[in-house]
Amino acid sequence: MSMEKKKVLILGANGFIGSSLVWKILKQTNYDVVGFDISDGKLSNVLGRDRFTFCKTDVLKNKSDVEQAVKDCDIVLPLIAVATPALYVKDPVKVYNLDFESNVEVIKMCLKYGKRVVFPSTSEVYGMCPDEAFDEYESPLVLGPIPKERWIYSCIKQMLDRLIWAYGKHEGLSFTLFRPFNFIGPRLDDIKAKAEGSSRVITQFAHNILNGKPIKLVNGGLQKRCFTFIDDGVDCLVRIILNKDGCADGKIFNIGNPDEEHSVKELAEVLIREFQNYPEYAQLAKDAVIETVSGDDYYGQGYQDAQRRVPSIEQAKSILGWAPTTDFKTSIKLILDYHLLGKDYEAGL
Ligand code: UDP
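Residues numbered from 1 in each chain as written. Predicted model: local features only at pLDDT ≥ 70, side-chain atom pairs only at ≥ 80, totals over all residues. Heavy atoms only, no water.

Caption draft 1: Inspection of the site of the ligand at higher detail. The immediate surroundings of the ligand are formed by 20 residues, with Lys-216, Arg-225, Tyr-298, Tyr-303 and Asp-305 found nearest. Here Arg-225 contributes a side-chain N or O atom positioned 2.7 Å from an oxygen atom of the ligand. At 2.8 Å, a side-chain N or O of Tyr-298 approaches an oxygen atom of the ligand. Burial of the ligand by the protein amounts to 97% of the accessible area it has alone, namely 520 Å². Put simply, the parts of the chain that give the shell around the ligand at least two residues each are α6 (201-210), β8 (215-218) and α10 (295-299). Here the residues of the shell around the ligand sort into 9 nonpolar, 3 polar and 8 charged. (Near = heavy atom within 4 Å. Polar contact = N/O pair within 3.5 Å; in protein donor to acceptor, adjacent residues only side chain to side chain. Areas by Shrake-Rupley, 256 points an atom, 1.4 Å probe, with all protein chains shown as cover. Helix = DSSP H or I, 4+ residues; strand = E, 2+ residues; numbered from the N terminus. Nonpolar A, V, L, I, M, F, W, Y, C, P; charged D, E, K, R; others polar.)

Encoded structure:
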């Protein structure tokens, strides 16, 4: 491929988005990637590859290493953050320290050294926005009252978005903001994790089916999400990183699959059905029980939910030429193949 070679620094390379993104960059570009993370369990398919350098370190404790790496690269993706709703309610101070304070430092480094930052905003910033489809430049960002602690994450990300935007407009920071809408994929959360509420909904449900625990629909499960397969998500991110003719500079992109809006209840039903295609697990799926639980009981009183969350993806379509191609059922099959059969679509490069 003939493109000018650049170096991408990914902080949090072992995360759900980070790990798939490393693989995708190596696969689709000639760029070099430097990854920082405290662990490397999701990176086995890319560790040791040409063009990938991994630094196993705690970014929060080794600021000088991070600063040096920012200096040495062209593009920075600061992907380190807590992004699990249960934790927004359980430990909002931790969410603030990690998601806000440490990222502000990295953003300032990007400004200082003139590096381009591609920053993860979130679909959560739209909160309880009433719009049919959320628009990056028009939709209001609607959060609940302060005792509804769930919104701390949304509020932090909104402030970071605003800070980056201000640095961009007034101090010359080169940036792109992206907003993932319920990305799902094999490496999302640990399916073996025991604690209820420690995972995002799809991994939690799969865990419960596997372990004979009831699936819990929070407030009846009629709330809807647009589930987006990780491979589509990182494909869009690669386009943002490549930034053809500067097309992504100073822009915000929703990344999501508006055609795959499903309620949480539907997700439970589809998952139970799909599990039955794996003979070894079919009985567990047939025995699965679905219960309803209140948000207060499941997460605590600081919880409040978004009933719908549909992206407009016109920006990504028109500017990046991107659209998702993986449907919901295929996504679920690829996730179950990984967990139940050990089959990884991200194997070779
Ligand atoms: N949810 C649920 N049961 C669970 C876990 C989550 O009903 O065991 C619901 C949760 O209340 C939310 C939706 O599933 O409405 C998606 O939750 P997730 O943690 O994936 O993240 P969110 O989309 O809210 O950021």
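Caption draft 2: Structural context of the packing of aromatic side chains. A full pass over the atoms with the stated rule returns 12 aromatic pairs. Ring geometry for Trp-165 against Phe-175: centres 5.8 Å apart, planes inclined by 65 degrees, an arrangement best described as edge-to-face. You can see Trp-165 sitting in helix α5 (residues 152-171) and its partner Phe-175 sitting in strand β6 (residues 175-180), a full 10 residues away along the chain. Owing to a relative accessible area of 30%, Trp-165 belongs among the partly exposed residues under this scheme. Judged by its relative accessible area of 2%, Phe-175 falls in the buried class. Here Phe-229 and Tyr-345 contribute two aromatic rings whose centre-to-centre distance is 5.4 Å and whose plane-to-plane angle is 45 degrees, an arrangement assigned as tilted. Of the two residues, Phe-229 is situated in strand β10 (residues 228-229) and Tyr-345 in the segment after α12 (328-341); the sequence distance between them amounts to 116 residues. The exposure class assigned to Phe-229 is buried, which follows from its relative accessible area of 1%. A residue is classified by how much of its surface remains accessible, and Tyr-345, at 25% relative accessible area, is partly exposed. (Phe/Tyr/Trp six-rings, centres within 6.5 Å; stacked < 30°, edge-to-face > 60°. Buried < 20%, exposed > 50% of the residue type's maximum accessible area, 1.4 Å probe, protein only.)

Caption draft 3: Quick peek at the sheet that holds strand β4 (residues 75-78). Pairing is parallel across the open sheet formed by 7 strands, whose spatial order is β3-β2-β1-β4-β5-β6-β11. Edge strands, defined here as strands with exactly one partner in the open sheet, are β3 (52-56) and β11 (251-255). Across this sheet, the average inter-strand angle for adjacent strands is 15 degrees, counted without regard to direction. Sitting on the sheet, helix α2 (residues 63-72) touches β1 (7-11), β2 (32-37) and β4, and the angle it makes with β1 is about 155 degrees. Together, β1, β4, β5 (116-120), β6 and β11 form the strand contacts of helix α7 (residues 230-242), whose direction differs from that of β11 by roughly 165 degrees. (Pairing = 2+ DSSP bridges. Axes fitted to C-alpha atoms, helices over the stretch in contact; angles between N-to-C directions. Contact = heavy atoms within 4.5 Å.)

Caption draft 4: Just unusual backbone geometry, in detail. Phi at Arg-51 takes a positive value of approximately 70 degrees, unusual for a residue other than glycine. Among the secondary structure elements, Arg-51 is positioned in the loop between β2 and β3. Here Arg-51 falls in the partly exposed class, since its relative accessible area comes to 27%. Phi at Asn-243 takes a positive value of approximately 50 degrees, unusual for a residue other than glycine. On the secondary structure map, Asn-243 appears in the loop between α7 and β11. On the basis of relative accessibility, which here comes to 12%, the residue Asn-243 falls in the buried class.

Caption draft 5: Inspection of the packing of helix α1 (residues 16-28) against α7 at higher detail. Axis separation between α1 and α7 bottoms out at 9 Å; the angle between their running directions is 60 degrees. Looking at the two axes, α1 sits oblique to α7. Where α1 crosses over α7, the two elements pack in a sense that is right-handed. Contact residues: α1 offers Phe-16, Ile-17, Ser-20, Leu-21, Trp-23, Lys-24, Ile-25 and Gln-28, while α7 offers Ile-230, Asp-231, Val-234, Asp-235, Leu-237, Val-238 and Ile-241. (Parallel < 35°, antiparallel > 145°, perpendicular 65-115°, else oblique. Left-handed = near helix turned anticlockwise from the far one by under 90°.)

Caption draft 6: Region of the structure containing the nonpolar core. One finds Ile-10, Leu-77 and Ile-240 to be the most contacted residues of the largest nonpolar core, which totals 62 residues. Excluding its chain neighbours within four sequence positions, the residues that come into contact with Leu-77 are Val-8, Leu-9, Ile-10, Leu-11, Leu-21, Val-118, Phe-178 and Ile-241. Residues Phe-36, Val-95, Phe-100 and Val-106 belong to the second largest nonpolar core, which totals 31 residues. (Core = buried A, V, L, I, M, F, W, Y, C linked by side-chain atoms within 4.5 Å.)

Caption draft 7: A look at the state of the cysteines. The tally for this structure, following the rule as stated, stands at 0 disulfides. Just so you know, Cys-73 is unpaired, no disulfide at all, and the nearest cysteine sulfur is the one on Cys-110, 7.0 Å from it. With a relative accessible area of 0%, Cys-110 lands in the buried category. (Disulfide = S-S within 2.5 Å.)

Caption draft 8: Geometry of the environment of Gln-223. Tracing the sequence through the fold places Gln-223 in the loop between β8 and β9 (224-226). Gln-223 gets classed as buried once you look at its relative accessible area, which sits at 5%. Put simply, Gln-223 and Asp-305 are 82 residues apart on the chain and 8.1 Å apart in space, counted from C-alpha to C-alpha. Of note is the side chain of Gln-223, whose polar atom sits 3.4 Å from the backbone nitrogen of Gly-221.

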